[in-house]
Amino acid sequence: EFNSALLGHIGSMDVDDCVLALEYALDALHGDPSRCFVCGGSHGGFLAAHLVGRFPERFDAAVLRNPVTYVPTMSSVTDIPDWCFHECGLAFTATPSVDDLVRMHEASPLRFVDRVQASVLLLLGESDRRVPPSQGLAWMHALRARPDGSVPPNRLLMYKGNGHALASPLAQCDGWMNAVAWVHEHVIASPRRRALGILASSSS
């Protein structure tokens, strides 16, 4: 019952759950709400992209690994197109209706990319068939093309020969080393944070 409750509510129920979990962790662990970052891959990347777009004041940095960013276009290129329909509460079909595509659009984090303030590191697998790199590239292109010029720090790393899991030794090592360095630079050791005298970080 708990698992099926999410169907038709991705991009809202799951995102709200993450915010509640963050608030609980900050309270229980006496964390600093001004020192938060988020990291996620696949659906977790979908959540992370939503979080930094919908709650821009809460996160200083994000690491997105092969994230789902725009469900309508993913439905025609992924090896699991049924996921795009079922997660949005729709019946699977090879020819989605306009209403189907609108529902997928409403669930997508790309809608909120113009609000992102966090520094973002994007890690993509060039050979990913589950969430093709076009998903992450579309989100990054939109971030960098914001008309007001307010583009936060960002970096894109593409791993050749890697699929959805970014599982090669090179991708595993390089990806996580860069993720740790990114969080250290933009959350732990940033000049703004040093000026506030903050020594510990909180993560989601």
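See the structure shown above.
These numbers were taken from a predicted model, which means no experiment stands behind them. (Residues numbered from 1 in each chain as written. Predicted model: local features only at pLDDT ≥ 70, side-chain atom pairs only at ≥ 80, totals over all residues. Heavy atoms only, no water.)

Observations concerning the packing of helix 1 (residues 13–28) against helix 2 (residues 43–54)
Two elements in contact, helix 1 and helix 2, have axes separated by 10 Å at closest approach and are oriented at 70 degrees. Judged by the inter-axis angle, helix 1 sits roughly perpendicular to helix 2. Listed contacts from helix 2 to Asp14, Val15, Asp16, Cys18 and Val19 of helix 1 are His43, Phe46, Leu47, His50, Leu51 and Arg54. Classifying every residue of the contact of helix 1 with helix 2 by side-chain character gives 6 nonpolar, 2 polar and 3 charged. (Axes fitted to C-alpha atoms, helices over the stretch in contact; angles between N-to-C directions. Helix = DSSP H or I, 4+ residues; strand = E, 2+ residues; numbered from the N terminus. Parallel < 35°, antiparallel > 145°, perpendicular 65-115°, else oblique. Contact = heavy atoms within 4.5 Å. Nonpolar A, V, L, I, M, F, W, Y, C, P; charged D, E, K, R; others polar.)

Some points on the pattern of salt bridges
Proximity of charged atoms lets side chains of opposite charge pair with each other. Under the definition given, this model contains 3 salt bridges. Here Asp16 and Arg54 are joined by a salt bridge, their closest N and O atoms 3.5 Å apart. Placement of the pair is Asp16 in helix 1 and Arg54 in helix 2, with a sequence separation of 38 residues. Under the relative-accessibility criterion, Asp16 is labelled partly exposed at 35%. Arg130 is the salt-bridge partner of Asp79, the closest N and O atoms lying 2.6 Å from each other. Of this pair, Asp79 sits in the loop between helix 3 (71–74) and helix 4 (81–87) while Arg130 is found in the loop between strand 3 (119–125) and helix 6 (133–144), placing the two residues 51 residues apart along the sequence. (Salt bridge = Lys/Arg side-chain N within 4 Å of Asp/Glu carboxyl O. Buried < 20%, exposed > 50% of the residue type's maximum accessible area, 1.4 Å probe, protein only.)

Quick word on the nonpolar core
Counting 37 residues, the largest nonpolar core has Val52, Leu64 and Trp139 as its most contacted members. Elements supplying a minimum of two residues to this core: helix 1, strand 1 (36–41), helix 2, strand 2 (61–65), helix 3, helix 4, strand 3 and helix 6. Ranked by residue count, the leading element in this core is helix 2, at 6 residues. Beyond its immediate stretch of four places on either side in the chain, Val52 contacts Val38, Phe59, Ala62, Arg115, Val116, Gln117, Ala118 and Trp139. (Core = buried A, V, L, I, M, F, W, Y, C linked by side-chain atoms within 4.5 Å.)

Let's talk about helix 2
The end-to-end C-alpha distance of helix 2, which contains 12 residues, comes to 16 Å, matching closely the 16 Å that a straight helix rising 1.5 Å per residue would cover. Counting buried residues along helix 2, 10 of its 12 residues qualify, which places the element largely inside the surrounding structure. Of all the residues in helix 2, the buried ones are His43, Gly45, Phe46, Leu47, Ala48, Ala49, His50, Leu51, Val52 and Gly53. For helix 2, the secondary structure elements touched by its buried residues are helix 1, strand 1, strand 2, helix 3, helix 4 and helix 6. (Expected span 1.5 Å × (residues − 1).)

Here's the deal with the pairing of strand 2
Of all 5 residues in strand 2, 5 are buried, a share of seventy percent or more. Burial of the side chains of strand 2 extends over both faces: Ala61, Val63 and Arg65 are buried on one face and Ala62 and Leu64 on the other. Pairing between strand 1 and strand 2: 5 bridges, direction parallel. Directly across from Cys39, in strand 2, lies its bridge partner Val63. Assessed by its sense of winding, the connection that carries the chain from strand 1 through helix 2 to strand 2 is right-handed. Strand direction decides the pairing type here: strand 2 and strand 3, joined by 5 bridges, are parallel. (Pairing = 2+ DSSP bridges. Right-handed = clockwise from strand over helix to strand, strands pointing away.)

Structural notes on the side chain of Arg146
Position of Arg146 relative to the elements: it lies in the loop between helix 6 and strand 4 (154–159). At 4.3 Å, Asp148 is the nearest oppositely charged side chain to Arg146, a buried residue that forms no salt bridge. Not counting residues up to four positions away in its chain, the partners in contact with Arg146 are Val113, Asp114, Arg115, Val116, Val151 and Pro152. (Lys, Arg positive; Asp, Glu negative; His and termini not counted.)

On their own, these measurements won't tell you what the molecule is for.
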